[in-house]
Amino acid sequence: MKVTLTRKLPVATDICLFELASADGSPLPAFEAGAHIDVHVGGFVRQYSLCNSPADGAVYRIGVLRDLASRGGSIAMHALAAGTILEISTPKNHFPLDEHAAHTILIAGGIGITPLMAMAEQLREAGRAFELHYCAREPARAAFRERLAERGFAEHTRFYFDSEGPEARLDLARVLAQPHAGTHVYVCGPAGFIDAVLGAATNAGWPAQNVHREYFGAAQPPTHANGAFQVTLASCQRVIDVPAGTTIVEALRAGGIEVPVSCEQGVCGTCITRVLEGVPDHRDLYLTDEEREANDQLLPCCSRARTPMLVLDL
Ligand code: FES
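Throughout what follows, the structure given in this document is the object of discussion. Keep in mind that what you see is a predicted model, and the values were worked out from it rather than measured. (Residues numbered from 1 in each chain as written. Predicted model: local features only at pLDDT ≥ 70, side-chain atom pairs only at ≥ 80, totals over all residues. Heavy atoms only, no water.)

Counting its regular elements, the protein chain contains seven helices and 18 strands. Here the protein chain has a C-alpha radius of gyration of 20 Å; the compact-globule value for 314 residues is 20 Å, and the two agree. Oriented by its inertia axes, the alpha-carbon framework of the protein chain measures out at about 60 × 50 × 35 Å. If you take every contact in the protein chain between residues at least 6 apart in sequence, the share linking residues at least 24 apart comes to 65%. A distance of 4 Å separates the average location of the 26 positive side-chain charges in the protein chain from that of its 36 negative side-chain charges. (Helix = DSSP H or I, 4+ residues; strand = E, 2+ residues; numbered from the N terminus. Rg over C-alpha atoms; globule rule 2.2 N^0.38 Å. Contact = heavy atoms within 4.5 Å. Lys, Arg positive; Asp, Glu negative; His and termini not counted. Charge placed at Lys NZ, Arg CZ, Asp CG, Glu CD.)

As structure tokens, then:
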């Protein structure tokens, strides 16, 4: 879809809010809290969560952290001027909110606030019980602080700033002390932050199906061998060599086989492929623990093989 960047607004140190409206005046497709869009910018395709209320469907709003360590997508976004026409995907949701939960705990680390902001907006509008725990390095780096100071948010929101010392840190054991079947937990932020929340939830006895997460950024570096292996395409029995240091997607592409990709970092799920034989070496941040253990699908943009051969449903 073509959209116009109608507004670009700094909302915190290194974070801008981008407001996108339909370029031709037709209504934008509806979206759900937790959804993201792919944005084509500067030769990159990047995923950004929608942070406005799904009820406010006339525009899409995304919050983008300018990350100097990134491969350039966020820097290209921050260089855009209002009025620019952009190409985006329709919204996709891999992080859906159960709006009917008796209670919802939202835990944000840094720019991970963006999908949780849309969830807070929806929960507030629906009059549902929720709490938002928002961790950032310092107040100036916390986006949406003005919005979160408004009635309907302020009484549900707590901020935790690293700059205020160890005693101001989020006490996960306390926040997650009481697992309850009717309560759902949603966490988004850097990988280490999410892992800490998931670890605390497991320790406290939360059922896995009540804890939902969305990672930002690239998959973790591999913890074991990065060697060569082969994949077989089940439809034609063709065998493709995947050399060390080459991803399955790259090896397939070199053989003339295109797998749809977007992030190429194991985050978005676009390239998900069924595994018919062999054991994948999962290196993505997309699959749940249960899905990894099933070993019947993988993200070939980053994952590899634990067995010499993988047979893929391609
Ligand atoms: Fe995004 Fe593979 S392309 S997970």
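From this point on, the discussion continues.
Moving on, we come to the sheet that holds strand β12 (residues 229–233). Sheet strands pair by backbone hydrogen bonding; their relative direction is either parallel or antiparallel. The sheet built from five strands is open, its strands ordered β13-β12-β18-β14-β16 with mixed pairing. Both outer strands of the open sheet, β13 (238–242) and β16 (297–298), are each paired with one neighbouring strand and no more. Examined bridge by bridge, strand β14 (residues 273–277) and strand β18 (residues 309–312) share two bridges and lie antiparallel to one another. The residue bridging Val275 from the neighbouring strand is Leu312, located in β18. (Pairing = 2+ DSSP bridges.)

Quick look at the sheet that holds strand β5 (residues 60–65) now. Judged by pairing direction, the sheet is antiparallel, and its six strands sit side by side in the order β4-β3-β6-β1-β2-β5 without closing on themselves. The open sheet is flanked by β4 (44–49) and β5, the only strands paired with a single partner. With direction set aside, neighbouring strand axes in the sheet form an average angle of 45 degrees. Here strand β1 (residues 2–12) runs beside strand β6 (residues 85–88); their pairing, made up of three bridges, is antiparallel. The residue bridging Lys2 from the neighbouring strand is Glu87, located in β6. (Axes fitted to C-alpha atoms, helices over the stretch in contact; angles between N-to-C directions.)

On to the pairing of strand β3 (residues 36–41), then. Across the six residues that make up β3, a large majority, five, are buried. Where β3 lies against β4, six bridges are found, and the strand directions are antiparallel. In the sheet register, Ile37 faces β4, and the bridge partner there is Tyr48. A loop of two residues connects β3 with β4, the two strands running antiparallel in sequence, and Gly42 in this loop sits at a positive phi of about 55 degrees. When β3 meets β6, the two strands line up antiparallel, connected through two bridges. Across the sheet, the residue bridging to His40 is Glu87, located in β6. (Buried < 20%, exposed > 50% of the residue type's maximum accessible area, 1.4 Å probe, protein only.)

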